[in-house]
Amino acid sequence: MRILHTSDWHIGKRLAGKERLEEQRAVLDEIAEICARERVELVLVAGDVFDTFLPSAEAEDLFYRAVRRITAQERCLLAISGNHDDPVRLSAATALSEELGIYIYGNAERSPKPFAGKNVRAAEAGRDHIVFENDAGERVFVHVLPYPNEARLKEDKNPDESFTDKMRRWIAAGERENKAGLPSVFLSHLFVAGGQVSEGEREIDLGGARAVPLDLLPACDYAALGHLHKKQGFRGGTVRYSGSILPYAFDEAGTQKSVVLFDLDRNGLHGLREIPLQSGKRLVRLEADGVESAVPLLRRWEGAYVELTLHLREPLSSAQVRALKEANAGLVNLIPEIRGELSGKAVAGKRTRSAGELFTEFYRAQFSEDPAEGLKQLFLSLAEEAYEA
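Just so it is clear, the model here is predicted, and its values are computed rather than measured. (Residues numbered from 1 in each chain as written. Predicted model: local features only at pLDDT ≥ 70, side-chain atom pairs only at ≥ 80, totals over all residues. Heavy atoms only, no water.)

*Asks:* Could you clarify how one ought to interpret the environment of Tyr64 in this entry?
*Replies:* Locating Tyr64 in the fold gives a position in helix H2 (residues 57-71). Spatially, the C-alpha atoms of Tyr64 and Ala93 are 9.6 Å apart, while their sequence positions differ by 29 residues. (Helix = DSSP H or I, 4+ residues; strand = E, 2+ residues; numbered from the N terminus.)

*Asks:* What am I meant to see in the pattern of salt bridges here?
*Replies:* Between side chains of opposite charge, a pair can form when the charged atoms approach closely. Summed over all chains, the structure comprises 23 salt bridges. Arg273 is the partner of Glu38 in a salt bridge, and the nearest nitrogen-oxygen pair spans 2.8 Å. You can see Glu38 sitting in helix H1 (residues 21-38) and its partner Arg273 sitting in strand E15 (residues 268-276), a full 235 residues away along the chain. Judged by relative accessible area, which is 17%, Glu38 ranks as buried. As a salt-bridge pair, Glu74 and Arg75 come within 3.4 Å of each other at their nearest N and O atoms. Judged by its relative accessible area of 42%, Glu74 falls in the partly exposed class. (Salt bridge = Lys/Arg side-chain N within 4 Å of Asp/Glu carboxyl O. Buried < 20%, exposed > 50% of the residue type's maximum accessible area, 1.4 Å probe, protein only.)

*Asks:* Even after reading the chapter, I still don't get the packing of helix H8 (residues 291-300) against helix H9 (residues 318-327), so can you show me in this structure?
*Replies:* Two elements in contact, H8 and H9, have axes whose closest approach is 8 Å; the angle formed by their N-to-C orientations is 20°. Taken together, the axis directions place H8 and H9 in an arrangement best described as roughly parallel. Where H8 crosses over H9, the handedness of that crossing is right-handed. For the pair H8 and H9, the contacting residues are Val291, Ala294, Val295, Leu298 and Arg299 in the first and Gln320, Ala323, Leu324 and Ala327 in the second. (Axes fitted to C-alpha atoms, helices over the stretch in contact; angles between N-to-C directions. Parallel < 35°, antiparallel > 145°, perpendicular 65-115°, else oblique. Left-handed = near helix turned anticlockwise from the far one by under 90°. Contact = heavy atoms within 4.5 Å.)

*Asks:* What's the story with the sheet that holds strand E12 (residues 232-234) in this structure? I'm lost.
*Replies:* Whether parallel or antiparallel, the strands of a sheet pair through hydrogen bonds between backbone atoms. Judged by pairing direction, the sheet is mixed, and its seven strands sit side by side in the order E5-E6-E7-E8-E11-E13-E12 without closing on themselves. Edge positions in the open sheet fall to strand E5 (120-126) and E12, since each of these has one partner strand only. Between one strand axis and the next, the sheet turns by 20° as a mean value, whatever way the strands run. Summarising the sheet, strand E6 (residues 129-134) and strand E7 (residues 139-145) pair through five bridges and their orientation is antiparallel. Bridge pairing in E7 links His129 to His143. In this fold helix H6 (residues 163-176) packs onto E7 and strand E8 (184-189), with an angle of close to 160° to the strand it touches most, E7. (Pairing = 2+ DSSP bridges.)

*Asks:* Before we go on, may I ask you to explain H1 in this structure?
*Replies:* For the α-helix, the turn length of 3.6 residues means that residues three or four positions removed from each other point alike. Look at H1: 26 Å from first C-alpha to last across 18 residues, which is about the 26 Å you get at 1.5 Å a residue. For H1, the set of buried residues is Leu21, Glu23, Gln24, Val27, Leu28, Glu30, Ile31, Ala32, Ile34, Cys35 and Glu38. The secondary structure elements touched by the buried residues of H1 are strand E1 (2-6), strand E2 (42-45), H2, strand E14 (258-265), E15 and strand E17 (305-312). In the stretch just after H1, Arg39 is the one whose phi turns positive, near 55°. (Expected span 1.5 Å × (residues − 1).)

*Asks:* How should the packing of aromatic side chains be read in this particular structure?
*Replies:* When we look at a pair of aromatic rings, we describe it by the centre distance and by the angle of the planes. Under the counting rule described, the total for this entry stands at six aromatic pairs. Taken together, the ring pairs connect Trp9, Phe50, Phe63 and Tyr64 into an aromatic cluster. (Phe/Tyr/Trp six-rings, centres within 6.5 Å; stacked < 30°, edge-to-face > 60°.)

Okay, structure coming up:
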């Protein structure tokens, strides 16, 4: 069975106020074209379909149209909720979508209903797994673990069970469902310890206490992960983050986005490869000494989103700021560094520092010592709960 892995669509996400729906539409159209060209049978979307719990009507319309184009009555699509998704809202349309071969898992106690009649179909399903079958009789077991949000983490009300213990129990329960020993995929939205984080991701979403040790993941043929926007792999690439479909932060400037394609059958994993995505505007980081040098540089990058660090001897005037924006409408971040005063690097550093680092800095300033690790993790947990509320 030929499978495509993608994640972190973040439909509706903006860049410094700039609308990106048309870019997202273009890249999702490109994924649909890849599916048709490569004869993909199953598409896995590893969470963060939307950027917020309450996406706009335009974002939801784009999602429904995109998944319909991607499946095209020829293949199945399986999506799970991420930390940015409302799992209930995301899966609200499953009663209709499952008839089209589109399956969505949130954290609800609900098993999808398999439908026949397609050349690829769901043959059997439960609350944490689903089995797909094609006309050749090949079957693939997909172990599903959506993002473990606060509601699910608190479901057992067992204060003695740690996050790691809960994850171990949930993963073991899902693996037990593969009674036939079918070729298997683990589909989840989580943070594997040692993963590389982008500037566009919040530590309150990734927090150290919620890191999952690599050896906790099941011994499957392939682990299709979402959460981290930078594509990366473990265990020789069989545990993989496909990365976001667009660069959503400037530390990803110049990176090539992609989807992952592979074949899986009773003989194991074959033909694992990345297929680059070409859609969307480029993100670039530029530096210049003064406005006169910056203007022609900005003009050379017309059509891109730009972060400009500007070295100055005195503050910018409103006329100079206007000249810079007129040189390139894609200028979204302007970082002035004035010699002899507070360095713009210090300001930029604070802007990109993680929530945990900022909390430590604040606590140290107040009490002249570092916070206890337990206190720091409590802060991150409360911050995450407030964000998800």
